[in-house]
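Overview (structure and organization)
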Amino acid sequence: MTGQRVALVTGAAQGIGYGVAQRLGALGHHVALFDRDAALLTQAEQALRGEGLDVSALEGDVASDASAKEAIALVEKRFGRLDILINNAGISPSHGGYSQLVEDVPLEEWDRVLAVNLTGTFYMCRHALPLMKARKWGRIVNFSSQGGRMRSLLSGAHYAATKAGLIGFTRVLAGQVGGHGITANCIAPGRIDTEQSRSFGDTDTYLKQLPVGRFGEAADIGDCQDFRVWAGG
Ligand SMILES: NC(=O)c1ccc[n+]([C@@H]2O[C@H](COP(=O)([O-])OP(=O)(O)OC[C@H]3O[C@@H](n4cnc5c(N)ncnc54)[C@H](O)[C@@H]3O)[C@@H](O)[C@H]2O)c1
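For the structure given in this document, a descriptive report is provided here. Numbering of residues starts from 1 in each chain and follows the order in which that chain's sequence is written. The predicted origin of the model limits local features to residues at a pLDDT of at least 70 and limits the giving and counting of side-chain atom pairs to 80 or more, whereas totals for whole chains, interfaces and linings rest on all residues. Calculation of side-chain values draws on the structure's entire complement of heavy atoms; hydrogens and water are dropped beforehand.

**What about the site of the ligand?**
Near, as used in this document, describes a residue that has one of its heavy atoms within 4 Å of the molecule or strand being considered. Not every one of the 30 residues close to the ligand is listed here, only the nearest: Asp35, Asp61, Tyr159, Ile192 and Thr194. Within 3.5 Å is the distance limit for a polar contact, defined as a pair of N or O atoms, with the added protein rule that one can donate a hydrogen and the other accept it, and that residues adjacent in sequence qualify only through two side-chain atoms. In the environment of the ligand, a nitrogen atom lies 3.4 Å from a nitrogen or oxygen atom belonging to the backbone of Arg36. The Shrake-Rupley method, run with a 1.4 Å probe, gives the accessible areas here. Residue values count only the displayed protein chains as cover. Burial of the ligand by the protein amounts to 95% of the accessible area it has alone, namely 830 Å². Those elements that provide at least two residues to the shell around the ligand are helix H1 (15-26), helix H4 (107-135), helix H5 (157-177) and helix H6 (195-198). In terms of residue count, the dominant contributor to the shell around the ligand is H6 (3 residues). Taken together, the residues of the shell around the ligand break down into 10 nonpolar, 12 polar and 8 charged. Where helices and strands are cited, they refer to DSSP runs of H or I of at least four residues and of E of at least two residues respectively, numbered from the N terminus. Asp, Glu, Lys and Arg are counted as charged, while Ala, Val, Leu, Ile, Met, Phe, Trp, Tyr, Cys and Pro are counted as nonpolar; the rest, among them Gly, fall into the polar class.

**Describing the sheet that holds strand S6 (residues 182-187)**
Pairing between the strands of a sheet is mediated by backbone hydrogen bonds and can be parallel or antiparallel. In this scheme, strands are said to pair when DSSP sees at least two bridges between them. Ordered by their spatial adjacency, 6 strands build an open sheet running S3-S2-S1-S4-S5-S6, and the pairing between neighbours is parallel. Only two strands of the sheet have a single partner each, and these edge strands are strand S3 (55-59) and S6. Each adjacent strand pair in this sheet contributes to an overall mean axis angle of 15°, direction not counted. In this structure, strand S2 (residues 30-35) lies alongside S3, joined through 5 bridges in parallel fashion. Following the sheet pairing, Leu33 is matched in S3 by Ala57. Only heavy atoms enter the contact rule, under which two residues are in contact if any of them lie within 4.5 Å. Only the stretch in contact is used when a helix axis is fitted, and all axes are lines through C-alpha atoms; the angle between N-to-C directions ranges over 0 to 180 degrees. Across the face of the sheet, helix H2 (residues 38-50) comes into contact with S2 and S3 while running at roughly 175° to S3. Each of strand S1 (6-10), S2 and S3 is contacted by helix H3 (residues 65-79), which is oriented at about 160° to S2, the strand it contacts most.

**Some thoughts on the nonpolar core**
Nine residue types can take part in a nonpolar core, namely buried Ala, Val, Leu, Ile, Met, Phe, Trp, Tyr and Cys, and a core is a set of them joined through side-chain atoms within 4.5 Å. The buried label goes to any residue with under 20% of its type's maximum accessible area, the exposed label to any with over 50%, and the partly exposed label to all in between, with areas taken from a 1.4 Å probe on protein chains only. If you look at the biggest cluster of nonpolar residues, it comprises 27 residues, and the most contacted ones within it are Leu8, Leu82, Leu85 and Ile140. Counting residues per element, the ones that place at least two in this core are S1, S2, H3, H4, H5 and S6. The element contributing the most residues to this core is H4, with 8 residues. Residues in contact with Leu82, not counting those within four places in the same chain, are Val6, Ala7, Leu8, Ile72, Val75, Ala128, Leu131 and Met132. Ranked by size, the runner-up nonpolar core spans 24 residues in total, among them Leu48, Leu53, Ile84 and Val141.

**Focus on the pattern of salt bridges**
By definition, a salt bridge exists where a carboxyl oxygen of Asp or Glu is found within 4 Å of a side-chain nitrogen of Lys or Arg. Enumeration over the complete set of coordinates arrives at 7 salt bridges. Between Asp220 and Arg214 there is a salt bridge, and its shortest N-O distance comes to 3.0 Å.

**Brief notes about the environment of Pro189**
Topologically, Pro189 is positioned in the loop between S6 and H6. Overall, the relative accessible area of 13% leaves Pro189 in the buried class. In sequence terms Pro189 and Ile221 are 32 residues apart; their C-alpha atoms lie 8.0 Å from each other. Contact partners of Pro189, with chain neighbours within four places excluded, come to Phe143, Ser144, Ser145, Gln146 and Ile221.

**Some details on the packing of H3 against H4**
Where H3 meets H4, the closest approach of the two axes is 8 Å, and the angle between their N-to-C directions is 30°. Between H3 and H4, the crossing angle belongs to the class labelled roughly parallel. Like other packed secondary-structure pairs, H3 and H4 cross with a definite hand, here right-handed. Only Tyr123, Met124, Arg126, His127, Ala128 and Leu131 of H4 make contact with H3, whose side of the interface consists of Asp65, Ala68, Lys69, Ile72 and Glu76. Relative orientations are named as follows: roughly parallel for angles under 35 degrees, roughly antiparallel for angles over 145 degrees, roughly perpendicular for angles from 65 to 115 degrees, and oblique for any other angle. Definitions for this section: a left-handed crossing has its near helix turned counterclockwise from the far helix by less than a right angle. A right-handed crossing has that turn clockwise.

**A word on the packing of aromatic side chains**
When two rings of Phe, Tyr or Trp (its six-membered ring) have centres within 6.5 Å they constitute a pair, described as stacked for plane angles under 30 degrees, edge-to-face for angles over 60, and tilted for the intermediate range. This structure, assessed with the given rule, holds 2 aromatic pairs. Here the aromatic rings of Phe122 and Tyr123 are separated by 5.9 Å at their centres, their planes lie at 40°, and the arrangement is tilted. The class for Phe122 is partly exposed, based on a relative accessible area of 40%. Plain terms: the ring middles of Tyr206 and Phe215 are 5.7 Å apart, the flat faces sit at 55° to each other, and that makes the pair tilted. In terms of burial, Tyr206 and Phe215 fall into one category: buried. Across from the ring centre of Trp137, 4.2 Å away, lies the NZ or CZ of Arg139, which sits over that ring. The side chain of Arg191 reaches across the aromatic face of Tyr206, ending 5.3 Å from its centre. For a ring to carry a charge above it, either NZ of a lysine or CZ of an arginine must fall within 6 Å of the ring centroid while also lying within 35 degrees of the normal to the ring plane.

Have a look at this one:
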């Protein structure tokens with residue numbers, strides 16, 4: 001590691017985002033925890049500080065451009081930089097644990113899933129990029145899903161559309177920013193044991209198909225990606 005980096009993790013109050021924030025913090029980086037759930041966020045901040053990690057909480061909604069802009073501006077004001085952006089916040093509305101028929105998806109729900117999962121990542125990137133470009137270094141990780149790569153019986157069409165869309169978005173982004181010392185990558189996990197995935201149906205059938213016989217855990221995502229490599233260079 002070449003010193004402390006400044007990271008921002010969206011959806012960091014629980015689940016995968018919390019696990020990634022914990023990992024980045026343990027590597028010695030400052031981690032801004034961005035989440036819209038104020039109570040959970042305070043708990044997460046206190047728990048991570050209790051482990052001796054250097055974290056701060058930012059309450060906001062990635063689906064709001066103003067909120068995304070404000071969060072990045074606060075990081076810039078405090079640190080003068082943003083090196084690592086993890087776009088993890090995402091929602092997957094559950095209807096009895098299975099995907100709904102397309103014609104049954106409520107319009108408001110369709111709009112909200114696109115706004116949080118896809119447009120939210122765009123908002124965060126568009127405000128973070130000037131800071132990264134100014135320092136000619138940055139690492140962006142966007143959270144796709146297995147549901148964006150193959151047909152899922154559990155996730156809705158809106159969720160799958162956003163997660164497939166993030167792969168296309170990230171490919172274009174990576175091509176545009178590579179020359180500025182910035183990388184953009186997607187993670188597309190299978191099932192990880194979190195609040196979100198606990199609402200999905202057909203757990204036993206799914207488990208039987210997994211070679212290791214268990215779902216992934218948030219820490220697996222933090223560990224399987226070599227943040228040390230991203231944070232070096
Ligand atoms: N859990 C899985 O099996 C799985 C598999 C593949 C991909 N993913 C993806 O990983 C990411 C994290 O999933 P998770 O299972 O940890 O979810 P989770 O529901 O356990 O946690 C999501 C966090 O994001 C926050 N959040 C939600 N909407 C937000 C918004 N608009 N602005 C700011 N914060 C917001 C929530 O408050 C929560 O703290 C998501 O993008 C999800 O689609 C999860």
